2 protein chains.
Amino acid sequence: MEKKLEEFKQMLAEVVDLGHASAVVGWDQQVYMPRGGAVDRGNILETLAAIAHKKFTSDEMGKLLETLKPYAETLDPDSDDACLIKRVAHDYEKETRVPSRWVADFARVTTLAQSAWEEAKTEDKFEVFQPHLEEVVELRREYADFFKPYDHIYDPLIDDFEPGMKTVDVQRIFNALRPQQVDLLKQIAAKPEIDDSFLHIPYSEQGQWDFGVDVITRFGFDWNRGRQDKSMHPFTTSFGVDDVRITTRFDPKRAASALFSTIHEGGHALYEQGISPTLRRTPLSDGASMAVHESQSRMWENMVGRSKAFWKFFYPRLAEIFPEQLANISLEQYYRGINKVEPSLIRVEADEATYNLHIMLRMELEIGLMEGKIKVKDLPEIWNSKMKEYLGIVPPDNREGVLQDVHWCGGSFGYFPTYALGNLVSAQVWEKLNQDIPNLEDQISQGKFDEMLGWLRSKIHRFGKKYESQDLVKRVTGSTITPEPYMRYLTKKFTEIYDL
Amino acid sequence: MEKKLEEFKQMLAEVVDLGHASAVVGWDQQVYMPRGGAVDRGNILETLAAIAHKKFTSDEMGKLLETLKPYAETLDPDSDDACLIKRVAHDYEKETRVPSRWVADFARVTTLAQSAWEEAKTEDKFEVFQPHLEEVVELRREYADFFKPYDHIYDPLIDDFEPGMKTVDVQRIFNALRPQQVDLLKQIAAKPEIDDSFLHIPYSEQGQWDFGVDVITRFGFDWNRGRQDKSMHPFTTSFGVDDVRITTRFDPKRAASALFSTIHEGGHALYEQGISPTLRRTPLSDGASMAVHESQSRMWENMVGRSKAFWKFFYPRLAEIFPEQLANISLEQYYRGINKVEPSLIRVEADEATYNLHIMLRMELEIGLMEGKIKVKDLPEIWNSKMKEYLGIVPPDNREGVLQDVHWCGGSFGYFPTYALGNLVSAQVWEKLNQDIPNLEDQISQGKFDEMLGWLRSKIHRFGKKYESQDLVKRVTGSTITPEPYMRYLTKKFTEIYDL
């Protein structure tokens, strides 16, 4: 059995190596690749993905799993080996259910859909994207059917990003959350607007870069095992637990954008850097799920990075780098400025109080499309009416509406909910963290993060992908994913800021 | 047959993609990787290499080649397909002769030898490296034996870098060259030393970078299909004909170092960027050989970059960037400074008149080791006596002597000669180029390089790896590799500079 297990791990190690190679190649594509490299780059990524898929779904892997699954039952269920066999068996079962004919169709259709979406977005022509999106939806419905029987056609899609999570669970959570968020927003809207004009003047890129680096260095980002670069869209990637990379970008119109992007990606990176080295070269050397990953980035970005305690320590430092821009701005004004709530059209620019509403809207549309109750051609209209209902605003065109996100043209249905679930988990973990470290706020206001990071590492990070997200969240907080802590957090914060 | 050919090309395309993935991963390793990434990086590169090797040497590939070889005979021998089949058959035959047991031993031994060499070099302890080098030599002797019958045991090693070239050919060339170079060096040594002290004062890195970029941009380097970064050791790499990358480095003690490094690597890159796009994703989308590749870098670096015509155009620009450093230096002084001949201990710092002597010394030692006539333990002594004989100087320790180069610890025997052969080819091509473009010197002194680059593209670059180097050099210059043009070039240049 030892020998079988070794064989199994060796095969997985090669799959992981190929994944890391793709990650390096993909990172370079977004960070340093000259324009001309695009064609060959697509070939390289396609070949790496095809070889990794073939290896992972091979009959040899299937036979090894058949032998190892009963063996796993005899092991301590919390052992690395037991978790490894269980998680790999789940992924193997999913990947082998999908015929290669579908994979090829999906690759072809989404490649064309990507170009069509770019054109549609640039020229504000939804009709250019519509037939492609119809094909994508059809393929995704077919995809779901490979996993019959299911409780809901959307289940297999959510499961791809949030293993073990069901549509009905997410709906229950969101249905409880939505009216409370909408109500909070209405209360805020009735209050005077916060002045954040000092955030919309020029700040030097170098100053922003240096400040962001200072912040995540104090958080505990290990520069011997990671780096930061610039890219069009900020992201985190990992080439192994000892080489975790983040990117940021500078928006001339929004001075806080690069900073919060660095903190957000830094949060993802702290998670990856904290995964136990014993999981090296296994598929468990990864985040537990998208939502758990997002909980870490959101916690550092929002609970820490948008807190008053944080700015008590960092505001004097920021004011030293930008003495002119912040000459007449008090700590209190700055804190209120970066927490200004304002319903806006674009998800990625949304504040804490409105973000989840963008997500819920998207998930409702996705479920409608999958169920066949919504037609692609009706999306713009439904989008706009839901925007009106949840956020009280309507996009002037589809560019700032239904065409804004890249996810659908790539066929990523089921991805959006994990952003909102991540917010909820961040608040659950934050409550627990503050129970366990009662003077956490004091520590943060002194620029001390080691105890907090140590707690996160021991409770979450080190386990990597050993547990499914609901299981992990319950182990850490005593409950599966639930909206109450997030609503408590939002209400407390904005009641104080807006004097509700 | 069409279908077989398609299958063959598809398999090769995947091998090429894997090679490009390794190139990206290797580039990042040398350019941006944080220290911690080393362990996982080794795994990634090993897995990519193993998969590519397995694919290339598969039975399936062998069967396709058996079918396609007779077919190739029916094609125009200059066609892409005929050349592809022929070159791949050669490489397949070589790679499949080497048992995987040897490949594994070699990987293990050279990995340990690398660390031992680093320690030996740092601490000047040849005895630390000696037992490892003995193992490497033994493995290389065994390697050669896989290719019996051979005319000389060194032949299969040269063939790895310079396909088709024989030891006896190289020896004949070098034997003709050595006395002439030694004699030229003696004549120069009898003349007054050139003052190049102005090159050994601080020059800003940014100024050097900008100047180097200006130069290779004028040469024709396409920044939409390439880029330059910094690394410890300058190199050129390619992820496809449309993404060719170079690196440079800044030596605070040698102001011209970064510039000539940029020009040298830029020369390699112009070659890669000029390969016909019809060869994309085939193994022919590469340089013809190491020597031909080196001929391109050396030509741009030396024949162009160290010529008076070049500096007529560029010196005023350089003086504008560095007005203080070059305040009292005339064009003539500058030209003489960068062409100063001075026997030195370190190969990579050697000038044009001495460089080949460093190479000949190394090749003689390699041949002696392979023939069993030289023992590893005697290398330091033999090294020093040959340095005395060829260059008139003796290293004070082994760090600046036998331990200086990385090649042997990696088992790269047969590589060194290609550097000198590249110099010879550069002069052969240069003579022909000047015959075909009689006013080339005028063009260069006006900063015009398009006709020269066009000539190189049409005569050399576009063919990629279609022809063996001797064949290609003969097609271009009318002769196989020969030392006379290089000696004519050296003699003319240094007779003028040193008033011989």
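Quick notes on the rules
- Residues numbered from 1 in each chain as written.
- Chains lettered and ligands numbered in written order.
- Predicted model: local features only at pLDDT ≥ 70, side-chain atom pairs only at ≥ 80, totals over all residues.
- Helix = DSSP H or I, 4+ residues; strand = E, 2+ residues; numbered from the N terminus.
- Rg over C-alpha atoms; globule rule 2.2 N^0.38 Å.
- Contact = placed C-beta atoms within 7 Å.
- Axes fitted to C-alpha atoms, helices over the stretch in contact; angles between N-to-C directions.
- Parallel < 35°, antiparallel > 145°, perpendicular 65-115°, else oblique.
- Left-handed = near helix turned anticlockwise from the far one by under 90°.
- Nonpolar A, V, L, I, M, F, W, Y, C, P; charged D, E, K, R; others polar.
- Pairing = 2+ DSSP bridges.
- Buried ≥ 20, exposed ≤ 12 C-beta atoms within 10 Å, placed from the backbone.
- Arc of directions from axis to C-beta.
- Domains from an automatic or database assignment.
- Core = buried A, V, L, I, M, F, W, Y, C linked by C-beta atoms within 7 Å.
- Least-squares fit on C-alpha atoms with pLDDT ≥ 70 in both.

Caption draft 1: Up close: the overall build of chain A. The secondary structure content of chain A amounts to 20 helices and three strands. The C-alpha radius of gyration of chain A comes to 23 Å, within 12% of the 23 Å expected for a compact globule of 500 residues. With the C-alpha coordinates of chain A rotated into their principal frame, the extents come out at 70 × 50 × 50 Å. Expressed as a percentage of contacts within chain A between residues at least 6 apart in sequence, the contacts between residues at least 24 apart total 71%.

Caption draft 2: Layout of the packing of helix H9 (residues 205-219) of chain A against helix H12 (residues 308-321) of chain A. Residues and elements named next belong to chain A. Packing of H9 against H12 brings their axes to within 10 Å, and their N-to-C directions diverge by 155°. Put simply, H9 runs roughly antiparallel to H12. Note that H9 runs across H12; the crossing there is right-handed. When H9 is examined against H12, the residues Gly207, Asp210, Phe211, Asp214 and Val215 are found in contact with a partner set consisting of Phe314, Arg317, Leu318 and Ile321.

Caption draft 3: Spatial organisation of the packing of helix H5 (residues 100-123) of chain A against helix H6 (residues 126-145) of chain A. Residue and element names in this part refer to chain A. For the pair H5 and H6, interaxial distance at closest approach is 9 Å and the crossing angle is 155°. Classified by the angle their axes make, H5 and H6 are roughly antiparallel. The two elements H5 and H6 cross, and the hand of that crossing is left-handed. Side by side, H5 and H6 meet where Trp102, Asp105, Phe106, Val109, Thr110, Leu112, Ala113, Ala116, Trp117, Glu119 and Ala120 of the first sit next to Phe126, Val128, Phe129, His132, Leu133, Glu135, Val136, Leu139, Glu142 and Tyr143 of the second. Classifying every residue of the contact of H5 with H6 by side-chain character gives 15 nonpolar, two polar and four charged.

Caption draft 4: Up close: the sheet that holds strand S2 (residues 236-238) of chain A. Residue and element names in this part refer to chain A. One open sheet holds the three strands; their spatial order is S1-S3-S2, and the pairing between them is mixed. What marks the edges here is a single partner per strand, and that holds for strand S1 (226-230) and S2. Each neighbouring strand pair of the sheet contributes to a mean axis angle of 20°, computed without reference to strand direction. With three bridges connecting them, S2 and strand S3 (residues 244-248) associate as antiparallel partners. When the sheet's bridge partners are listed, Ser238 is paired in S3 with Val244. Across the sheet, helix H10 (residues 257-273) is in contact with S1, S2 and S3; its angle to S3 comes to roughly 170°.

Caption draft 5: Highlighting helix H19 (residues 469-477) of chain A. Residues and elements named next belong to chain A. Those residues of H19 lying buried are Ser469, Gln470, Leu472, Val473, Val476 and Thr477. Summarising the axial view, the buried residues of H19 lie within an arc of 165°, below the 170-degree limit, and thus occupy one face. On its buried face, H19 is in contact with helix H11 (290-304), helix H16 (417-436) and helix H18 (450-459). Just past H19, the residue Gly478 takes up positive phi, approximately 85°.

Caption draft 6: Expanded view of the environment of Ala256 of chain B. Residue position: Ala256 of chain B is located in the loop between strand S3 (244-248) and helix H10 (257-273). Every residue in contact with Ala256 of chain B, bar those within four places of it in the chain, is listed here: Leu199 and Ile338 of chain B.

Caption draft 7: Inspection of the interface of chain A and chain B at higher detail. Facing the 31 residues of chain A at the interface are 31 residues of chain B. Among the elements of the structure, helix H1 (2-31), helix H2 (38-56) and S1 of chain A are those that each provide at least two residues to the side of chain A that touches chain B. By residue number, the principal contributor to the side of chain A that touches chain B is H1 of chain A, which donates eight residues. When the residues that make up the side of chain A that touches chain B are grouped by side-chain class, the tally is 13 nonpolar, eight polar and ten charged.

Caption draft 8: Spotlight on the domain arrangement of chain A. All names here are of chain A. For chain A, the assigned domains are domain 1 (1-97) and domain 2 (148-500). Distance from the C-alpha centre of domain 1 to the C-alpha centre of domain 2: 28 Å. Contacts between the two partners involve 17 residues from domain 1, matched on the other side by 18 residues from domain 2. Among the secondary structure elements, those contributing two or more residues to the side of domain 1 that touches domain 2 are H1 and helix H4 (80-97). Counting residues per element, the side of domain 1 that touches domain 2 draws most heavily on H1, which supplies eleven residues. Considering only residue class, the side of domain 1 that touches domain 2 consists of ten nonpolar, four polar and three charged.

Caption draft 9: The arrangement of the environment of Asp222 of chain B in detail. Residue and element names in this part refer to chain B. Within the secondary structure, Asp222 is located in the loop between helix H9 (205-219) and strand S1 (226-230). Residue Asp222 is classed as partly exposed on the basis of its C-beta count, with 15 C-beta atoms lying within 10 Å. Expressed as a C-alpha distance, the spacing of Asp222 and Ala269, which sit 47 residues apart in the sequence, is 9.3 Å.

Caption draft 10: Structural view of the nonpolar core. Counting residues in hydrophobic clusters, the biggest one holds 101 residues, and the most contacted among them are Leu424, Val425 and Leu472 of chain B. If sequence neighbours within four positions are ignored, Leu472 of chain B has contacts with Ala288, Val292, Ile460, Phe463 and Tyr467 of chain B. Counting residues in hydrophobic clusters, the runner-up holds 99 residues, among them Trp117, Phe126, Val244 and Met290 of chain A.

Caption draft 11: Representation of the relation of the copies chain A and chain B. Relative to chain B, chain A is turned by 180° and slid 0.1 Å along the rotation axis, the superposed coordinates differing by an RMSD of 0.0 Å. What the superposition gives is, in effect, a two-fold axis relating one chain to the other.

Caption draft 12: Spotlight on unusual backbone geometry. Lys148 of chain A connects to Pro149 of chain A through a cis peptide bond whose omega is -5°. Inspection of the secondary structure puts Pro149 of chain A in the loop between H6 and helix H7 (155-161). A positive phi is found at Asp499 of chain A, a non-glycine position, where the angle reads about 55°. Position of Asp499 of chain A relative to the elements: it lies in the segment after helix H20 (484-498). Since 8 C-beta atoms lie within 10 Å of it, Asp499 of chain A is described here as exposed. With phi around 50°, Asp124 of chain B is a residue other than glycine that occupies positive phi space. In this structure, Asp124 of chain B sits in the loop between helix H5 (100-123) and helix H6 (126-145).

Caption draft 13: Quick peek at the sheet that holds S3 of chain B. Residue and element names in this part refer to chain B. If you walk across this open sheet you meet the three strands as S1-S3-S2, and the pairing is mixed. The open sheet is flanked by S1 and strand S2 (236-238), the only strands paired with a single partner. Neighbour to neighbour, the strand axes of the sheet diverge by 20° on average, direction disregarded. Here helix H1 (residues 2-31) sits on the sheet in contact with S1, S2 and S3, set at roughly 150° to S2. Packed on one face of the sheet, H10 meets S1, S2 and S3 and runs near 170° to S3.

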